[in-house]
Amino acid sequence: MKDGILSTIAILIFSLATNPLCAADSLSLSPDRRAKFDAQVRAMVKSYCIECHGPEKQNSGVRFDAFDFSALQAVDIENLQLAREALSHHEMPPEEAEQPLTESDRKILLDWIEDALTDIAVQQLALESQPRLRRLSKREYNHTLQDLFASPSDFHTLLPPDPISDSGYDTRESLLMISQVDLKIYMETARITLDKFLHTQLGSGEKERFFVEAEDIYHHCRGTAEVLARERAPVSVSESEFSSIKAAHDRGPITYRDRKYGPLPFGFVPEGVVEGVDEGIGFARLHSQFLLVKTKQRAGEVVVRVHAAATQGVDGSYPRMRLESGRRSVQNLKVINAGEYDVLAPRSDPGIYTFRFRLENALPIAIGSAEDDELGHLFFAISNVARNEDGILAASTEGQEDLSLPGKAKIGGALGSQARSAAKQTQAANTAWEAAQTNFLHLDAIEVEILPAKNDPANPWNLPQPDSPDAEATLAKETLNRFLPLIFRRPLTEIEFDCYHELYLQQRSDGQDFKQSLIDAFVAAMISPSFLFIGKPAAELEHADSLAYASKLAYFLWSSPPDERLVGLAASGKLKDHAVSASEIRRMLDDPKSERLSATFADQWLGLRQLGDVQIDYELYPDYGPELAALTKRQTIETFQKVFHTGKDARQLFLSETTLLNDLLARHYGLAPVAGGELRFVATPQTRQPGGILTHASILAMNSDGKQSHPVKRGAWLLEKILNDPPPPPPPAVPDLDPDSAETKHLSLKDRIELHRRQNGCIRCHEKIDPWGVAFEEFDATGRWRDTRSAPYPIDSSTRLPDGTELAGAADLADYLRDVKEVEVMSAIAKGMTTYASGREPGILDEADVDRVFLAFQKSRYNLKSLAKAIAQSPNFDDIFNHAHRAHQPPAISASRP
C-alpha cells in the first residue's frame, strides 16, 4: 500500500478513535444546589473541614476552601467522593478534632454531597453523545488475533504496554485510546501477521521432519566447534525416511547419550554471567543439552517428542525436563519455554514427552535486523530443572570449544583456559552428583516436526491460487466477504464491503499482486475503529446495539471476540431477551476460554504484577529466586481459578484446608515434602498458612521491601484490595523506616513502626493501616513462615484493630475477616469485577446497579460465576441497552453494602 494512502487512512481513524465522548472539561452545580450550600453547608465546611483541608494545611492533598461550583474540575469531584466516603465511615473529622461533628450535621453534609454528585453524574451522562467505547487492551488484541488466525501465536509483542488504572485494571476506558504512533505499530503488526498467515500458493504440503539420536548430537558453543555444530545440524528428511529411521530406533537397543543431566541447587540460579561457571546464558551448562536443526521456516506449528528416562534420586526425587526453543546468538539465548514434565520413566523403558509450540513465537521477527534473513536454524535446549540440596550449577565442556578436534587439545589463550576449566567443573560436578545419588535425566532421542503455516490445511487464510482474472475477482470478493465480518465481529454493511473492495481494486490496478492487494485491504480493516474498539455499533445494521453488546460480553467473559453463535443471536435480536442472554452467559462461563477471565481478574484485582517490582535480597534469602516467585504467583491465580470454575463459595479463598503446592513451594513454606514439580492441591496444617490467599508468598513478598516484612504495605494492600477501603496516599517527604538502625534494632518491627509514625506525625493514617499489616509479622519478606525463636529481632504479630478487636496473628485475622467483615470482603470482590468488566469506576448513578449485583452474588452463596453473570446483565455493564434507563436511575445505598 502506498504510504500516502496509508497515512490518510491512519489520520482519519485516529481522529475517529480518539474523539472524546464527553466534551466538557468541567461541570457546574445547579443554582438550587449552590443556594443550599451557601445556606447550610458552607458554615459546616468552615467549622469541621478547613482546619485540615484549607489554605494552610491539606491532609492527603485535599482542599475544601477553594471550590468553584460553577466549574468543578475532575479533582474537585474526586475530593467530594473522598469526603463522602470518609463521612460515611465516621473517619472525618478525626476523633481528636476540636469541634466534633453532630450526627444531624453529618447527615446534612452527606445529603448535600450525594445530591451534588448526582447532579454531576447526570450531566456527565447527558454529555455522552454515544455509548462508551474503549480500545482493545494488548491482552485482548492478542486473543483476538489468535481467534482470527486460528493460531496460539503471540501477536502482541510489538505493542507498547497498556496503561493501568489506579485500581489495577487494564480495561479502563478513559486510558485505552490510540495515538498516531500507536496506529503505525498496529499497522506493522497487522502486515507482519498477514504476511505470515495469508497464502495464495500452497507449498508441497510436506512437513519438515527430524529424528536425532541423542548420542549423535553435536553442539559446542565456541570457535571451530560452533561452526561445526551449525554444519552438522540435522536436516529434514522425507516422511518415508523419518518412518524408517524411527522404526529402526524402536527395534534397536536403548542407547542414551553418555552425558547425564543432574539437578540444580535450590535458590536463585542466575541466567547471565556467573563467575567461575561460564560467560553467559548462551553457553551450555551441565544440566542442559543444546541442539540445532536446519530450517528456513518462520511460521507454523512445531511438535517435539523427547525420548527420555530418569534415575530416581536417593531422596525419592525425579528429574524435571524443560524444553526451550528459539535462537542462539553469540552469548545470548532468545528462547521460549515450550513446557516441562516430571520424568518418571525408568531407563529400561524410556517415555516419550511431547511439546507443542508456534514457530513464530520461538523465532519472532527482529524488526530491522539482518539476523532474520540469515537465520537458518531452530535452536533447542533440553534441561533438568529439578532442584536438590546437592544440585550443582556448573559449566559444560559443550559450552566451549571442542578440545577433541584435531589441533585443539593444546589451544591457548582465554578460549583454551575456559574450555579446560569447564572440563574440570564437569568432572567435579558429575562426581559430586554420583556421590550424593541425585536424580538424573537421560536422553535417548529427539523427534521434531514442523508444519509450515502455508502448508497447514487448518489455516483458514490459505487460499487457492486463482488461474484466471475472473477467478481472481471472484476469490477476492469471497475472501473479503468471509473475513471482514470476522474482523468486525458482526455482519458486514454494504458500504463497508464496497469501501474495502474498492481499496483492493485500487491496489491491484496500481500494480500490486493479488496477495498483497488483499493484505492491504485487510490491514486497513485491522486498524479501523470497528476492529480496534469494543462496543462500536454499526448504525446501518438492525440490532446494532445487540451486536455491540455481544462483543462487549465476549471480551468480558473470554477476552476475545464473540463466536458465531453469539453473533447470530445478537443479529437476530434474540440476545436482548433476558433468558437468552442468561443462557449464553452460562454457556460462555463453562467454555475453557473463561479461564482467561478468572486468571486475569485474579492477577489484576490482587495487584500481583507488583511482585515483579520487588527486588528480594538473595543474600538474605538464598532459597528465593525468579522461578519460585513465578510459582507463588501461579499458586494464587490457580487457587482463585479453582474457586471460580468449580462453583465454590468465594469465602473459601480465605480458608486453607488445601493448598496448591509442588516440591519447591512445599519447601519454601516449610510444609511436608511434595514430590515433583507439578502443582496440585494437598491438605496442609492450618498453623503455617492460615487465611488462604492472604498468606500466599506472592502477596506477602510483593508487600515487602525485599529485606524485611512490611506491615505498612501489607496493611494498605489489605485495606485497598480486600476491604475496598483504600487509605489516603502518604504525604511527601516522610522518610522510610530504617530497618538497620542501631537505635531500634532491638525492638520488634511493630514497635519500630509505632516509634517511626509518632516521630513523623503520621499517626492518624497509620492507626488505620498498621494493625492489619502487623498481623502478618509471622511471615518474612518472601512470605515464608518464621519461627519467632530464631528471628533476628523480636516478632510480635499481635494487633488491635481500629474497632478494638484484639488478634494474635494471621489466623485470627482470617477468622475476623470471614466472620465480621464478610460483607465488606465480598463487596470488594464484586466491585473489583464490576470495575474490570465495565472499564470504569462505578459512579453514584451506578450504586443501585452495584447493590443489585452484590445482592445476586450474596444470594448465590458467593458463587463467582453468578457474580460474573449478574454483572454482565446489569445496567452498569450494559450501557447500550440501558443508556436511557440509567439517566433516571436514582442512587440508592443498600443495607447490604458497607
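Secondary structure summary: the chain contains 30 helices and 16 strands in total. Of all 898 residues assigned to the chain, the portion counted as buried reaches 54%. A fraction of 76% describes how many contacts in the chain between residues 6 or more apart in sequence connect residues 24 or more apart.

The biggest cluster of nonpolar side chains holds 92 residues, and the ones touching the most others in it are Phe 556, Leu 557, Ile 722 and Leu 817. Of all hydrophobic cores here, the second largest spans 46 residues; its members include Leu 183, Leu 475, Leu 484 and Tyr 555.

A few words now on helix α20 (residues 626-645). Its 20 residues place the ends of α20 28 Å apart at the C-alpha level, agreeing with the 28 Å of an ideal helix rising 1.5 Å per residue. Taken together, the buried positions of α20 are Leu 628, Ala 629, Leu 631, Thr 632, Gln 635, Thr 636, Ile 637, Thr 639, Phe 640, Gln 641, Val 643 and Phe 644. Positive backbone phi, approximately 75 degrees, marks Gly 647, located one or two places after α20.

Attention now goes to the side chain of Gln 635. With respect to the helices and strands, Gln 635 occurs in helix α20. Residue class for Gln 635 comes out buried when judged on its relative accessible area of 0%. Here Tyr 669 takes part through its side chain, which lies 2.7 Å from a polar atom of the side chain of Gln 635. The residues touching Gln 635, leaving out its near neighbours within four places in the chain, are Thr 659, Leu 660, Leu 661, Leu 665, Tyr 669, Gln 689, His 696 and Ala 697.

Quick look at the pattern of salt bridges now. Scanning the entire structure with this criterion turns up 52 salt bridges. The salt bridge involving Lys 260 is made with Glu 434; its shortest N-O contact spans 2.0 Å. In this pair, Lys 260 is assigned in the loop between α8 (239-251) and β3 (264-265) and Glu 434 in helix α11 (residues 413-436), connecting sequence segments 174 residues apart. Overlapping salt bridges bring together Glu 206, Lys 207, Arg 209, Glu 239, Arg 305, Glu 447 and Glu 449 as one network.

It is at 11 Å that the axes of helix α19 (residues 595-606) and helix α27 (residues 822-838) come closest, and there the two elements cross at 110 degrees. Judged by the inter-axis angle, α19 sits roughly perpendicular to α27. α19 and α27 meet at a crossing whose hand is right-handed. Across the interface between the two elements, Leu 597, Thr 600, Phe 601, Gln 604 and Trp 605 of α19 pack against Ala 828, Ile 829, Gly 832, Met 833 and Tyr 836 of α27.

On to the sheet that holds strand β9 (residues 377-384), then. Taken together, the four strands give an open sheet; going across it, the order is β4-β9-β6-β7, and neighbouring strands pair in antiparallel fashion. A strand with exactly one partner marks an edge of an open sheet, and here the two such strands are β4 (288-294) and β7 (332-342). Within the sheet, the average angular offset between the axes of one strand and its neighbour, ignoring direction, is 25 degrees. One ladder, built from six bridges, connects strand β6 (residues 320-329) with β9; its direction is antiparallel. Looking at the pairing, Ser 325 lines up with Phe 380 of β9. In the packing of helix α7 (residues 223-231) onto the sheet, contacts are made with β4, β6 and β9, and the angle to β4 comes to roughly 55 degrees.

Right, let's get into helix α26 (residues 810-819). Where α26 is concerned, the buried positions are Ala 810, Leu 813, Ala 814, Tyr 816 and Leu 817. The arc that holds the buried residues of α26, viewed along the axis, is 165 degrees, so those residues lie on one side.

As a further point, take the side chain of Thr 426. Looking at where Thr 426 falls in the secondary structure, it is placed in helix α11. For Thr 426, a relative accessible area of 13% corresponds to the buried category. A distance of 3.1 Å separates a polar side-chain atom of Thr 426 from the backbone oxygen of Ala 395. When sequence neighbours within four positions are dropped, the list of residues in contact with Thr 426 reads Leu 286, Ala 395, Ser 396 and Thr 397.

The next subject is unusual backbone geometry. We note that Asn 724 has phi near 55 degrees; this positive angle belongs to a residue other than glycine. Inspection of the secondary structure puts Asn 724 in the loop between α23 (711-722) and α24 (749-759). On the basis of relative accessible area, Asn 724 is assigned to the partly exposed category, the value being 33%. A positive phi angle is found at Arg 861, which is not glycine, with a value near 60 degrees. With relative accessibility at 57%, the residue Arg 861 sits in the exposed group.

Below, the discussion takes up the environment of Gly 376. One can find Gly 376 in the loop between α10 (371-374) and β9. Given the relative accessible area of 14%, Gly 376 is considered buried. Beyond its immediate stretch of four places on either side in the chain, Gly 376 contacts Val 293, Lys 294, Thr 295 and Lys 296.

With respect to topology, four strands assemble into an open sheet ordered β2-β11-β5-β8, the strand pairing being antiparallel. With one partner strand each, in any of the chains shown, β2 (208-213) and β8 (351-358) form the two edges of the open sheet. Between one strand and the next, the sheet's axes are offset by a mean angle of 20 degrees, whatever the strand orientation. Two elements, strand β5 (residues 300-311) and β8, share eight bridges in a ladder whose sense is antiparallel. Across the sheet, residue Val 304 finds its bridge partner in β8, namely Phe 355.

This next bit is on the packing of helix α17 (residues 564-571) against helix α18 (residues 578-590). Closest axis-to-axis distance for the α17/α18 pair is 12 Å, and the angle between their directions is 170 degrees. Comparing their axes, α18 and α17 come out roughly antiparallel. In this structure, α17 contributes Arg 565, Leu 566 and Leu 569 to the contact, and α18 contributes Val 580, Glu 584, Arg 587 and Met 588. Taken together, the residues of the contact of α17 with α18 sort by class into four nonpolar, no polar and three charged.

We now examine the environment of Ser 798. Along the polypeptide, Ser 798 turns up in the loop between α25 (763-774) and β15 (799-800). A relative accessible area of 28% means that Ser 798 is categorised as partly exposed. The spatial distance from the C-alpha of Ser 798 to the C-alpha of Leu 813 is 10.0 Å, given a sequence separation of 15 residues. Of the polar contacts made by the side chain of Ser 798, one reaches the side chain of Asp 796; its length is 2.6 Å.

Summarising the model, the chain shows a mean pLDDT of 86, and 87% of its residues fall at 70 or more. Here residues 10-24 is modelled with pLDDT under 50, and outside its nearest four sequence neighbours on either side it reaches 27 contacts, counting other chains as well. Contacts from residues 883-898, a stretch scored under 50 in pLDDT, to residues over four places away or in other chains number 39 contacts.

A few words on the packing of aromatic side chains. What the rule picks out here adds up to 31 aromatic pairs. Note on Phe 290 and Phe 379: the rings are 4.9 Å apart at their centroids and 75 degrees apart in plane angle, and the pair reads as edge-to-face. A residue pair is termed long-range when its members are at least 10 positions apart, and Phe 290 in strand β4 and Phe 379 in strand β9 qualify at 89 residues. Pair check on accessibility: Phe 290 and Phe 379 agree, each one buried.

Let us look at the environment of Leu 405. Note that Leu 405 resides in the loop between β10 (387-388) and α11. Given a relative accessible area of 13%, Leu 405 falls into the buried group. Taking the C-alpha atoms as reference points, Leu 405 and Thr 224, 181 residues apart in sequence, are found 8.8 Å from one another.

The rules behind the values
- Residues numbered from 1 in each chain as written.
- Predicted model: local features only at pLDDT ≥ 70, side-chain atom pairs only at ≥ 80, totals over all residues.
- Heavy atoms only, no water.
- Helix = DSSP H or I, 4+ residues; strand = E, 2+ residues; numbered from the N terminus.
- Buried < 20%, exposed > 50% of the residue type's maximum accessible area, 1.4 Å probe, protein only.
- Contact = heavy atoms within 4.5 Å.
- Core = buried A, V, L, I, M, F, W, Y, C linked by side-chain atoms within 4.5 Å.
- Expected span 1.5 Å × (residues − 1).
- Polar contact = N/O pair within 3.5 Å; in protein donor to acceptor, adjacent residues only side chain to side chain.
- Salt bridge = Lys/Arg side-chain N within 4 Å of Asp/Glu carboxyl O.
- Axes fitted to C-alpha atoms, helices over the stretch in contact; angles between N-to-C directions.
- Parallel < 35°, antiparallel > 145°, perpendicular 65-115°, else oblique.
- Left-handed = near helix turned anticlockwise from the far one by under 90°.
- Pairing = 2+ DSSP bridges.
- Arc of directions from axis to C-beta.
- Nonpolar A, V, L, I, M, F, W, Y, C, P; charged D, E, K, R; others polar.
- pLDDT = per-residue confidence, 0-100.
- Phe/Tyr/Trp six-rings, centres within 6.5 Å; stacked < 30°, edge-to-face > 60°.

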